Amino acid sequence: MRVSAVSVRLSLLVVALGLGLGFGLAQAAAPVEVAVVQARPQAVSTGFEYDGVVEPVKQSTISSQASGRVATISVKAGDQVRAGQLLATIDDRETQTGVQRSQAQVSQADAELRNAQANAERTRELQAKGFVSKAALDTAELQLKAAKAGQDVATAGARQSALSQGFTRVTAPYDGWVLQTLSEAGDLAVPGKPLMTLYAPLPLRAVVQVPASRGETARAASRIEVQLPGPDGTAQWVAPSSRSVMPAADPVSQTIEWRLELPTAAVRGVVPGQQVRVRFVGGQAQRVVVPAAAVLRRGELTAVYVATPTGFALKAVRLGPDHGAAGVEVLAGLGPDDRVALDPVRAGLAGSRASGAAAPAAVKPASAAR
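The structure presented is a predicted model; accordingly, all values stated were derived computationally and were not measured. (Residues numbered from 1 in each chain as written. Predicted model: local features only at pLDDT ≥ 70, side-chain atom pairs only at ≥ 80, totals over all residues. Heavy atoms only, no water.)

Now for the overall build of the chain. Counting secondary structure elements, the chain contains five helices and 24 strands. Looking at the chain as a whole, 32% of its 370 residues are labelled buried. Looking at the chain alone, contacts between residues at least 24 apart form 74% of all its contacts between residues at least 6 apart. Summing over all exposed atoms, the chain offers an accessible surface of approximately 21,400 Å²; the carbon and sulfur share of this is 55%. (Helix = DSSP H or I, 4+ residues; strand = E, 2+ residues; numbered from the N terminus. Buried < 20%, exposed > 50% of the residue type's maximum accessible area, 1.4 Å probe, protein only. Contact = heavy atoms within 4.5 Å. Areas by Shrake-Rupley, 256 points an atom, 1.4 Å probe, with all protein chains shown as cover.)

What follows concerns the sheet that holds strand β11 (residues 194-199). Taking strand neighbours across the sheet as the criterion, the four strands line up as β4-β11-β9-β6 in an open arrangement whose pairing is antiparallel. Unpaired on one side and paired on the other, β4 (59-63) and β6 (80-81) mark the two borders of the sheet. Relative to β11, β4 runs antiparallel, the two being bridged by five bridges. Among the inter-strand pairings, Ser60 is bridged to a residue of β11, identified as Leu198. (Pairing = 2+ DSSP bridges.)

If a strand is regular, its side chains alternate between the two faces of the sheet. Note that strand β19 (residues 301-308) and strand β20 (residues 311-316) share six bridges and pair antiparallel. Its bridge partner lying in β20, Tyr305 is registered against Leu314.

A word on the side chain of Glu225. Among the secondary structure elements, Glu225 is positioned in strand β13 (residues 223-229). Polar side-chain contacts of Glu225 include one of 3.0 Å to the side chain of Arg223. Side chain to side chain, Glu225 and Arg279 meet in a polar contact 2.7 Å long. (Polar contact = N/O pair within 3.5 Å; in protein donor to acceptor, adjacent residues only side chain to side chain.)

One pass over the full model with this rule turns up 14 salt bridges. Asp51 is the partner of Arg277 in a salt bridge, and the nearest nitrogen-oxygen pair spans 2.7 Å. With Arg277 in strand β17 (residues 275-290) and Asp51 in strand β3 (residues 41-56), this pair connects stretches of sequence that are 226 residues apart. With its nearest N and O atoms 3.7 Å apart, the salt bridge here joins Glu141 to Arg124. Taken as a pair, Glu141 in helix α3 (residues 134-166) and Arg124 in helix α2 (residues 93-129) lie far apart in primary sequence, 17 residues in all. Taken together, the salt bridges that share partners define one network made up of Glu49, Asp51 and Arg277. (Salt bridge = Lys/Arg side-chain N within 4 Å of Asp/Glu carboxyl O.)

Right, let's get into the sheet that holds strand β7 (residues 86-90). Read from one edge to the other, the open sheet built from four strands follows the order β8-β7-β5-β10, with strand pairing classed as antiparallel. With one partner strand each, in any of the chains shown, β8 (169-171) and β10 (188-189) form the two edges of the open sheet. Sheet analysis places strand β5 (residues 68-73) next to β10, joined by two bridges and oriented antiparallel. Across the sheet, Arg69 pairs through a bridge with Leu188, a residue of β10.

Once that is clear, we can look at α3. For α3, spanning 33 residues, the distance from its first C-alpha to its last is 48 Å, which sits close to the expected 48 Å at 1.5 Å a residue. Residues of α3 that are buried sit in contact with α2. (Expected span 1.5 Å × (residues − 1).)

Turning our attention to α2. End to end, α2 covers 55 Å across 37 residues, agreeing with the expected 54 Å (1.5 Å per residue, within 8%). Listing the buried residues of α2 in full gives Thr95, Gly98, Val99, Ser102, Val106, Ala109, Leu113, Ala116, Ala120 and Thr123. The elements touched by buried residues of α2 are α3. A positive phi of about 85 degrees marks Gly130, the residue just after α2.

How two aromatic rings sit relative to each other is set out by the distance from centre to centre and by the angle between their planes. Counted according to the given criterion, the structure contains three aromatic pairs. Where Trp258 meets Phe280, the ring centres are 5.2 Å apart and the plane angle is 80 degrees; that geometry is what we call edge-to-face. Of this pair, Trp258 sits in strand β16 (residues 255-261) while Phe280 sits in strand β17, and the two are 22 residues apart along the sequence. Of the two residues, Trp258 and Phe280, neither departs from the other in class, the shared state being buried. Of the aromatic side chains, those joined through ring pairs into one cluster are Phe48, Tyr50, Trp258 and Phe280. One Lys or Arg, Lys58, reaches over the ring of Tyr174 and ends 4.4 Å from the middle of that ring. The cationic tip of Arg279 hangs over the ring face of Trp237; the distance from NZ or CZ to the ring centre is 3.7 Å. (Phe/Tyr/Trp six-rings, centres within 6.5 Å; stacked < 30°, edge-to-face > 60°. Lys NZ or Arg CZ within 6 Å of the ring centre and 35° of its normal.)

Here it is as structure tokens:
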């Protein structure tokens, strides 16, 4: 019984080996054909690229106009606020005292004005009947004018006290988001001391620092584009709606700041602080390019599969800028007669070989920078 079981297992093993061998022979008999493309120079746009940072056009550091202890902070970082919304309150006991004092001064000024008016009216009547002199009437009218001026001073003081009272309530100047809070309840608030930072989500701009040595070249660029994430997650190059250049260079970094306002329709998914690429497109030049799909990236290795008489060979390459639909520029590693596999994964399989005809390198040049 045990001998028959062993025989059955040996038979199954032989069958499995036979099937595996037959599958391998079938695979060897049908080599994988991979389409290739000729790596040759073609005309692409030239220029240069720099890293930029997205910033909000409207960003404010909110501080209090009144002195006192911070009573409450009503928002936190990441909150969305509306124009006029309460952000923080300052201890207003001192300002309330000022309001009460100014109201009392207004009441006193009103009483003095009524008294001066009554006195001036009586003096006019008496002077008309000849009981008082013209000098007494002049004095009464001057007292009336002084009482009116005193009332104006008291009214202005009341308005000023009301304004000071209003400054203890810190409100949002526009619709936006709270970027960060810089104070907590109990901190001392003084005019000019930041309480929080607020920014408007739109519009946004890309800020890029261009070396001063390339300032004239950047101004002469035929086109400026900013790389932003598209709706489907892929990168897209968009032209800024407006641009401004600072008139002076930074004395330390020797760079000139360019501010590129981004179109509202293209900034979906873009947040302040995000890094973007900015390119200044100039003329055209002949560059060797290959499709981006043909590049194999494994860790720090960047290579392509090149067709040989016996199959494919892996060649390390050094890449330049991405020219979009035209492909990726190859700075070093390829010769003018090399044919590159369009599918590096299939080209790496054993027995793979180049298909009969090479595909065209690219159909149209795309703007890029180097």
